[in-house]
Amino acid sequence: MSGHGEAQPMKSRKSGPLKGVAAVPGDKSISHRSLIFGAMAVGETKITGLLEGQDVLDTAKAMRAFGATVTRHGEGSWTVNGVGVGGFQEPADVLDVGNSGTGARLIMGTMATTPITATFTGDASLRKRPMGRVTDPLSLFGARAYGRQGGRLPMTIVGAANPVPVRYALPVASAQVKSAVLLAGLNAPGETVVIEKEPTRDHSERMLVGFGAQLSVEKTGEGHVITLRGQPELRPQTVAVPRDPSSAAFPVCAALIVEGSDILVPGVSQNLTRNGLYLTLVEMGAEIEFQNPREEGGEPVADLRVRFSGNMKGIEVPPERAPSMIDEYPILSVVAAFSTGKTVMRGVKELRVKESDRIDAMARGLEACGVRVEEDADTLIVHGMGPGGVPGGATAKTHIDHRIAMSFLVCGLAAKAPVAVDDGSPIQTSFPIFEDLMRGLGAEVERG
Ligand code: S3P
């Protein structure tokens, strides 16, 4: 989906209480990984609950280009017949991974230790994002990367013919970089070691073990030391993708700020590497009950009963929590605007290199809605206006960023005047049923 299609303006307005069940789609991170690991296993991997957002569909297409057979059988139900570790064939054409940084970076890692060449491109948002963070460690395996200035797409990766294993300490807290190195390590001989100071989402580690790789994680003074033995034969798996906690954040936060709301959001991950937003909301005074804790698809989950919370207070979000809620700062800053006092988000400079510069996009949009915001390179501070206190009545620019679009549409549900977004079409990348799901709860969201 290169170039990004036509813009779809959208708008939301003050809504009555939100009620009902918000069953959000499958987890984006786990969906990408199911397809990629399935493509590297020998035999048939069965997937249920796969997120059918554009990002994941683009990864499915890429796996086909490398020789895997990827088949859709029904809603969320897919199979992947993999080609085995080291079995990727050379794609016949340029790979367009659309809007997806995860797709681009994980797939680069996957092919970097196979002697083939692949060229990657994406939409205008992805073509601005830094790829040096993955091509630097991939070059240590022996791969070569030729991209645009600043390590941007389009970019050609020439996979290493004789890869060597790597020991790599992550210079940035990034699950994408960690995963790219581990995926490259799969087809290198010996042991590849990744060291992360701050834990990031651990789906790759959990799933690689499930697929039969030898992987261990040791907690040391240096941080997590992850050791992977290369050249395993991966066994196909049956993967039940749990629901996406990053998508669940939107109905959850909407219910917290829309007066009278009371909703149930089933199966929200409580994985400690993903649940930072939920800890933060509870600290702010959100009324969330975590019901029926259990395991689903190998992840700890709970059903969230969420009620309108008129007494939320701004807090200082601990910076070390950032990796476990990195995608949730945009929607947290909306909740902060409807809380009392200021919410201080420090250590968030990674937000500047997401699908958009999310500090800038949120700051400008919230200001346009009448909210006082402060920012510096690594910080976002939102001065809360209390429940129902945000004036709204503005159009936010979404910069081809799904989470910015959804955040401002949630903002409009509780603001005094409607909030519009210039382009809601990127929502398709991660949460294609967002509009219907929110309307089903009673949210007034419209197109145009
Ligand atoms: C992801 C990791 C995160 C996150 C992205 C998905 C993943 O990026 O922002 O949406 O699936 O590994 P970083 O690891 O680069 O922070």
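Residues numbered from 1 in each chain as written. Predicted model: local features only at pLDDT ≥ 70, side-chain atom pairs only at ≥ 80, totals over all residues. Heavy atoms only, no water.

Considering the overall build of the protein
Argument step 1. The helix and strand tally for the protein stands at 12 helices and 24 strands.
Argument step 2. Its C-alpha atoms give the protein a radius of gyration of 21 Å, within 12% of the compact-globule value 22 Å for 448 residues.
Argument step 3. Projecting the C-alpha coordinates of the protein onto the three principal axes gives extents of approximately 60 × 45 × 45 Å.
Argument step 4. Counting over 448 residues, the protein shows a buried share of 60%.
Argument step 5. Taking the contacts inside the protein whose residues are at least 6 apart along the sequence as the reference set, 76% of them involve residues at least 24 apart.
Argument step 6. When the accessible area of the protein is evaluated, it comes to approximately 15600 Å², of which 50% is carbon and sulfur surface. (Helix = DSSP H or I, 4+ residues; strand = E, 2+ residues; numbered from the N terminus. Rg over C-alpha atoms; globule rule 2.2 N^0.38 Å. Buried < 20%, exposed > 50% of the residue type's maximum accessible area, 1.4 Å probe, protein only. Contact = heavy atoms within 4.5 Å. Areas by Shrake-Rupley, 256 points an atom, 1.4 Å probe, with all protein chains shown as cover.)

With respect to the site of the ligand
Argument step 1. Taken together, Lys28, Ser29, Arg33, Thr102, Ser174, Ala175, Gln176, Arg201, Ile326, Asp327 and Lys354 make up the full set of residues adjacent to the ligand.
Argument step 2. Here an oxygen atom of the ligand sits 2.7 Å away from a polar atom, N or O, in the side chain of arginine 33.
Argument step 3. Lysine 354 has a polar side-chain atom sitting 2.7 Å from an oxygen atom of the ligand.
Argument step 4. For the ligand, the protein covers 96% of the area, taking 380 Å² as the surface of the free molecule.
Argument step 5. Of all the secondary-structure elements, those providing two or more residues to the shell around the ligand are helix H1 (28–40) and helix H5 (175–186).
Argument step 6. For the shell around the ligand, the leading source of residues is H1, giving 3 residues. (Near = heavy atom within 4 Å. Polar contact = N/O pair within 3.5 Å; in protein donor to acceptor, adjacent residues only side chain to side chain.)

Some remarks on unusual backbone geometry
Argument step 1. That bond from leucine 153 to proline 154 is cis: its omega, -5°, falls within 30 degrees of zero.
Argument step 2. Topologically, proline 154 is positioned in strand E9 (residues 152–158).
Argument step 3. Even without being a glycine, glutamine 231 presents a positive backbone phi close to 55°.
Argument step 4. Mapping glutamine 231 onto the fold places it in the loop between strand E13 (223–229) and strand E14 (238–240).

Here's the deal with the side chain of aspartate 244
Argument step 1. By the element assignment, aspartate 244 lies in the loop between E14 and helix H7 (245–257).
Argument step 2. Setting aside residues no more than four positions away along its own chain, aspartate 244 makes contact with Val24, Pro25, Gly26, Asp27, Lys28 and Arg274.

Examining the packing of aromatic side chains
Argument step 1. The tally for this structure, following the rule as stated, stands at 4 aromatic pairs.
Argument step 2. With a centroid separation of 5.8 Å and an interplanar angle of 70°, the aromatic rings of phenylalanine 37 and phenylalanine 211 are classed as edge-to-face. Pair noted here: phenylalanine 37 is in helix H1 and phenylalanine 211 is in the loop between helix H6 (203–210) and strand E12 (215–220), with a separation of 174 residues, a long-range link.
Argument step 3. Given a relative accessible area of 0%, phenylalanine 37 falls into the buried group.
Argument step 4. Judged by relative accessible area, which is 2%, phenylalanine 211 ranks as buried. (Phe/Tyr/Trp six-rings, centres within 6.5 Å; stacked < 30°, edge-to-face > 60°.)

What to know about the pattern of salt bridges
Argument step 1. Applying the stated criterion across every chain yields a total of 34 salt bridges.
Argument step 2. Measuring nitrogen to oxygen at the nearest pair gives 3.2 Å for the salt bridge that ties aspartate 244 to arginine 274. Linking aspartate 244 in the loop between E14 and H7 with arginine 274 in the loop between strand E15 (262–269) and helix H8 (276–284), this pair joins segments that are 30 residues apart in sequence. Arginine 274 matches aspartate 244 in its accessibility class, with the two residues each being buried.
Argument step 3. Ionic pairing is found between aspartate 360 and arginine 364, a salt bridge with its closest N-O pair at 2.7 Å. Of this pair, aspartate 360 and arginine 364 both sit in helix H10 (residues 358–368), separated by 4 residues, roughly a single helical turn.
Argument step 4. You can call aspartate 360 partly exposed: its relative accessible area is 26%.
Argument step 5. Taken together, the shared-partner salt bridges connect Arg129, Arg201, Asp327, Glu355, Arg358, Asp401 and Arg403 into one network. (Salt bridge = Lys/Arg side-chain N within 4 Å of Asp/Glu carboxyl O.)

Some remarks on the domain arrangement of the protein
Argument step 1. The domain architecture assigned to the protein consists of domain 1 (10–26 + 242–447) and domain 2 (28–240).
Argument step 2. The distance between the C-alpha centroids of domain 1 and domain 2 comes to 29 Å.
Argument step 3. On the domain 2 side, the residues contacting the 25 residues of domain 1 number 27 residues.
Argument step 4. For the pairing of domain 1 and domain 2, the buried interface totals around 2100 Å² over both sides, and the portion due to carbon and sulfur atoms is 49%. (Domains from an automatic or database assignment. Buried area = accessible area lost by both parts, 1.4 Å probe.)

Describing the pairing of strand E3 (residues 42–48)
Argument step 1. Sheet topology note: the E3/strand E5 (residues 77–83) ladder contains 6 bridges and is antiparallel. Looking at the pairing, valine 42 lines up with valine 83 of E5.
Argument step 2. Two strands pair when backbone bridges link them, and E3 and E14 are joined in this way by 3 bridges, in the parallel orientation. For threonine 48, the partnering residue across the bridge sits in E14 and is alanine 240. (Pairing = 2+ DSSP bridges.)

Points about the nonpolar core
Argument step 1. Counting residues in each nonpolar core, the largest one holds 76 residues, and the members touching the most others are Leu281 and Tyr329.
Argument step 2. Examining the composition of this core, we find that 9 residues originate from one element, H7, more than from any other.
Argument step 3. If near-sequence neighbours (up to four positions away) are discounted, tyrosine 329 is found in contact with Val317, Arg321, Ala322, Met345, Val348 and Leu351.
Argument step 4. Ranked by size, the runner-up nonpolar core spans 62 residues in total, among them Val134, Ala188, Ala213 and Leu234. (Core = buried A, V, L, I, M, F, W, Y, C linked by side-chain atoms within 4.5 Å.)

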